[in-house]
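# Observations on chain architecture
This is what each chain is made of:
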Amino acid sequence: MEVRKPKIKSIPYDEFKDNSTLEKIVDELHEGGVNVVTGSLDQLINWGRSNSLWSLTFATSCCGIEFMACGCSRYDFARFGFEVTRNSPRQADLIMCAGTITHKMAPALKRLYDEMAEPKYVIAVGGCAISGGPFKSSYHVVKGIEEIVPVDVFIPGCPPRPEAIMYGMMQLQRKVKIERFFGGANHKQNKEERELGVSNEELTARRLGDHRRETIVVTDVPEQFVEELKAEKEDKA
């Protein structure tokens, strides 16, 4: 198979990856009155994704009223591309969990999150979704949705004002804009990766050395650790 060399006017093949040559051409175009924007394809795609976040309609209590206020004319978060909400998790980019999550509701939240396509995000709105809120010591309320699904942005308040919700959405935008679309969380899994049985986001986190997702389960205390504690007690005695 013949591999053709790329040909770009005024750029020699040897300087095809030379940024200084590209910057020189851009400067010449700017001087001629032509507006040119340079960047990577990742930046272009993430710019579109960050400005078209479709949230799942998921409000269980009073924080949902604040979310509704964000869509009204006073705040109008349609300016940021957040106005599109979906009733189907297969068409949504994020779950804005606005309200209390009980133990009876927790399986439904987890099921909706699992049905969403990657990349997907979660925003915890209000004290109830973050830590249980005023029902923290109650028997029927989950002490934070982070025990069920991974959370990207926390928006504290009881309930938080619409300005706080919009600011939280803008923080999620910043997170989306720095992601790697190609070769990142969206790549197709090969045979070995499918056998692991984990998501693309988890594979990316492991490849980048992020071990925060891995749960540590203490099943037994090492004997060496016990002996060291006994030796310390004898020395103090």
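Everything discussed here concerns the structure shown above.
Residues numbered from 1 in each chain as written. Predicted model: local features only at pLDDT ≥ 70, side-chain atom pairs only at ≥ 80, totals over all residues. Heavy atoms only, no water.

It is worth spelling out the packing of helix α3 (residues 63-70) against helix α6 (residues 162-177) at this point. Two elements in contact, α3 and α6, have axes whose closest approach is 9 Å; the angle formed by their N-to-C orientations is 75 degrees. Here α6 runs roughly perpendicular to α3, going by the angle between their axes. Residues Glu-66, Phe-67, Ala-69 and Cys-70 of α3 pack against Pro-162, Ile-165 and Met-166 of α6. Its residues assigned to classes, the contact of α3 with α6 comprises 6 nonpolar, no polar and 1 charged. (Axes fitted to C-alpha atoms, helices over the stretch in contact; angles between N-to-C directions. Helix = DSSP H or I, 4+ residues; strand = E, 2+ residues; numbered from the N terminus. Parallel < 35°, antiparallel > 145°, perpendicular 65-115°, else oblique. Contact = heavy atoms within 4.5 Å. Nonpolar A, V, L, I, M, F, W, Y, C, P; charged D, E, K, R; others polar.)

Taken as a whole and assessed by the stated rule, the structure comprises 3 salt bridges. For Lys-110, the salt bridge identified is with Asp-114, shortest N-O distance 2.9 Å. Here Asp-114 and Lys-110 lie together in helix α4 (residues 106-115), a separation of 4 residues that amounts to about one turn. Assessed through its relative accessible area of 31%, Lys-110 is described here as partly exposed. Judged by its relative accessible area of 44%, Asp-114 is partly exposed. One salt bridge in this structure joins Arg-161 and Glu-163, with 3.1 Å as the shortest N-O distance. On the accessibility criterion, Arg-161 (51% relative accessible area) is exposed. (Salt bridge = Lys/Arg side-chain N within 4 Å of Asp/Glu carboxyl O. Buried < 20%, exposed > 50% of the residue type's maximum accessible area, 1.4 Å probe, protein only.)

It is the contact of helix α2 (residues 41-50) with α6, at a shortest axis distance of 8 Å, that shows an interaxial angle of 160 degrees. Considered as vectors, α2 and α6 are oriented roughly antiparallel to each other. Here α2 runs over α6; the crossing is right-handed. The residues of α6 that touch α2, namely those facing Asn-46, Arg-49 and Ser-50, are Gln-173, Val-176 and Lys-177. Residue composition of the contact of α2 with α6, by class: 1 nonpolar, 3 polar and 2 charged. (Left-handed = near helix turned anticlockwise from the far one by under 90°.)

A grouping of Glu-23, Asp-27, Glu-28 and Glu-31 is seen on the molecular surface, where their side chains present a negatively charged patch. Tracing the backbone through its elements, the reader meets Glu-31 in helix α1 (residues 19-31). (Patch = residues over 30% accessible without salt bridge, like charges linked within 9 Å, V, L, I, M, F, W, Y side chains within 5 Å. Areas by Shrake-Rupley, 256 points an atom, 1.4 Å probe, with all protein chains shown as cover. Lys, Arg positive; Asp, Glu negative; His and termini not counted. Charge placed at Lys NZ, Arg CZ, Asp CG, Glu CD.)

Across the 5 residues that make up strand β4 (residues 121-125), a large majority, 5, are buried. With burial as the criterion, each face of β4 is covered, one bearing Tyr-121, Ile-123 and Val-125 and the other bearing Val-122 and Ala-124. Between the parallel elements strand β3 (residues 94-98) and β4, the chain passes through α4 in a crossover that is right-handed. As defined by bridge partners, β4 adjoins strand β5 (residues 153-155) across 3 bridges and the pair is classed as parallel. The residue bridging Val-125 from the neighbouring strand is Ile-155, located in β5. Following the chain from β4 across helix α5 (residues 126-131) to the adjacent parallel β5, one finds a crossover that is right-handed. (Right-handed = clockwise from strand over helix to strand, strands pointing away. Pairing = 2+ DSSP bridges.)

Turning next to a nonpolar patch on the surface. The grouping of Leu-41, Leu-44 and Trp-47 at the surface amounts to a nonpolar patch, some 350 Å² of accessible area in total. Considering the arrangement of structural elements, one finds Leu-44 in helix α2.

Our next topic: the packing of aromatic side chains. Here the distance between the centres and the angle between the planes together describe a pair of aromatic rings. For the coordinates displayed, the defined rule picks out 3 aromatic pairs. Centroid distance Phe-67 to Phe-77: 5.8 Å. Interplanar angle 70 degrees. Geometry classified as edge-to-face. One end of the pair, Phe-67, is in helix α3; the other, Phe-77, is in the loop between α3 and β2 (85-86), with 10 residues separating them in the sequence. You'll find Phe-67 and Phe-77 in the same group, each marked buried. Where Phe-80 meets Phe-82, the ring centres are 5.8 Å apart and the plane angle is 15 degrees; that geometry is what we call stacked. By relative accessible area, Phe-80 is classed as partly exposed at 22%. Aromatic rings pair up to connect Phe-67, Phe-77, Phe-80 and Phe-82 into one cluster. Across from the ring centre of Trp-54, 4.5 Å away, lies the NZ or CZ of Arg-86, which sits over that ring. In this structure, Lys-120 packs its charged tip against the face of Tyr-113, placed 4.3 Å from the ring centre. (Phe/Tyr/Trp six-rings, centres within 6.5 Å; stacked < 30°, edge-to-face > 60°. Lys NZ or Arg CZ within 6 Å of the ring centre and 35° of its normal.)

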